[in-house]
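Structural characterization, general
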Amino acid sequence: TADITLKVLQKYKSFGKHAIGLITSGFGCPNACEFCCTSAYYGHKNVRFLQTGRDIYEVMRRLSADGIHSSLIFEEDFALYEDKLRELGGAIEKHEGEPLSYACFASVKALSRWDLEELAAGGAGHVWIGVESVHAPFEKRAGRDIGSIFADLRSLGITTTGSSIFGLDHHTPEQLPREVDFMIGLQPSMVQLSN
């Protein structure tokens with residue numbers, strides 16, 4: 001588990017820390033993004049440490065007995081693994097007691113396959129989406145319009161992190177302000193900008 005508070009708010013006592021569970025469900029991803037070290041390390045294949053959604057749910061259930069009802073699930077592009085995510089969502093929907101929720105990483109490609117209401121009903125509370133660039137040359141950006149995905153998640157009460165990379169091969173000094181404007185237009189709850 002970890003105690004989480006945004007760094008800029010840590011000095012204010014009125015903003016308490018929130019305990020979350022940290023669950024490593026799997027590593028590696030078939031998207032094979034050139035910048036992803038864990039995906040490369042695992043040969044661009046998904047290696048499941050927890051085999052099923054039920055396995056993840058059982059960890060979350062045990063954490064809830066200690067008062068931890070929200071978890072961050074580490075698995076690149078978790079929404080790609082429909083069997084695992086659907087089973088987890090079904091178990092969370094049937095869970096008795098304090099509601100359980102999770103945060104995960106997911107791509108536009110994977111999210112485009114889902115009815116996002118099903119994810120919300122099944123405990124999705126936060127989704128980190130790799131935006132990367134206005135003109136992202138990555139297969140994981142194929143699918144629905146990215147702006148509509150962020151808007152739909154927001155309308156369902158699911159918070160988001162949008163992440164971008166500055167310094168991709170197609171970036172010029174003139175392009176970077178457009179990258180910032182594009183990210184702002186998506187209205188994510190949080191942003192990660194990296195280079």
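Structure: see above.
Because the structure is a prediction, the values reported are computed rather than measured.

Reading guide: rules and limits
Each chain carries its own residue numbering, running from 1 in the direction its sequence is written. Only residues with pLDDT of at least 70 are given local features in this predicted model, and only at 80 or more are side-chain atom pairs given and counted; all residues enter the totals for whole chains, interfaces and linings. As a rule here, side-chain values come from all non-hydrogen atoms in the structure, and water together with hydrogens is ignored. Numbering of helices and strands runs from the N terminus; a helix is a DSSP stretch of H or I covering at least four residues, while a strand is a stretch of E covering at least two. Whether a residue is buried, partly exposed or exposed follows from its accessible area with a 1.4 Å probe, protein chains only, as a fraction of its type maximum: under 20%, in between, or over 50%, in that order. Here the accessible surface of atoms and residues is derived via Shrake-Rupley with a 1.4 Å probe, and residues count as covered only by protein chains that are part of the display. What counts as a ring pair is set by centres within 6.5 Å for rings of Phe, Tyr and Trp (its six-membered ring), and what kind of pair is set by the plane angle: stacked under 30 degrees, edge-to-face over 60, tilted for all other angles. Note on pairing: DSSP must find at least two bridges between two strands before they are called paired. What a helix is expected to span follows from its residue count: subtract one and scale by 1.5 Å. It is the directions from the helix axis to the C-beta atoms whose arc is reported. The contact rule is simple, with two residues in contact once any of their heavy atoms fall within 4.5 Å. Whenever two N or O atoms come within 3.5 Å, that pair is a polar contact, provided that in protein one can donate a hydrogen and the other can accept it, and provided that, for residues adjacent in sequence, both atoms are side-chain atoms.

A few points about the overall build of the protein
For the protein, the count of helices and strands is seven helices and nine strands. In the protein, buried positions account for 43% of the 195 residues. Accessible surface, the protein as shown: approximately 10300 Å² in total, 54% of it carbon and sulfur.

Quick notes on the packing of aromatic side chains
Aromatic ring pairs are defined here through the distance separating the ring centres and the angle between the ring planes. Applying the stated criterion across every chain, the model contains four aromatic pairs. For the ring pair Phe 78 and Tyr 102, a centre distance of 6.3 Å and an interplane angle of 90° mean the geometry is edge-to-face. Here Phe 78 is found in the loop between strand S5 (70-74) and helix H3 (82-94), whereas its partner Tyr 102 is found in strand S6 (residues 101-106), with 24 residues between them in sequence. An identical accessibility class is assigned to Phe 78 and Tyr 102; each is buried.

Considerations on the pairing of S5
In this structure, strand S2 (residues 18-24) lies alongside S5, joined through four bridges in parallel fashion. Paired with Gly 21 across the two strands is Ser 71, which belongs to S5. Where S5 meets S6, three bridges bridge the pair, whose relative direction is parallel. Within S6, the position partnered with Ser 70 by the bridge is Ser 101.

What to know about helix H7 (residues 175-186)
In a regular helix each residue adds 1.5 Å, so twelve residues correspond to 16 Å; H7 covers 17 Å between its end C-alpha atoms and thus fits that length. Three or more residues of H7 are buried, namely Gln 175, Glu 179, Met 183 and Leu 186. Projected down its long axis, H7 carries its buried residues within an arc of 80°, all on one side. Exposed residues lying more than 90 degrees from the buried face of H7 are Asp 181, Ile 184 and Gly 185. Elements that come into contact with the buried residues of H7 comprise strand S7 (124-132), helix H6 (146-155), strand S8 (159-165) and strand S9 (190-194). Immediately downstream of H7, the backbone of Gln 187 shows phi near 55°, a positive value.

Observations regarding the side chain of Glu 75
Looking at the secondary structure, you find Glu 75 in the loop between S5 and H3. At a separation of 2.5 Å, a polar atom in the side chain of Glu 75 contacts the side chain of Ser 25. Once residues lying within four places of it in the same chain are set aside, the contact partners of Glu 75 are Ser 25, Gly 26, Asn 46, Arg 48, Tyr 81, Lys 84 and Phe 105.

Details of unusual backbone geometry
Backbone geometry places Asp 77, a non-glycine residue, at a positive phi of 50°. Looking at the element boundaries, Asp 77 is found in the loop between S5 and H3. The backbone of Gln 187 shows a phi angle near 55°, a positive value even though the residue is not glycine. With respect to the helices, strands and loops of the structure, Gln 187 is situated in the loop between H7 and S9.

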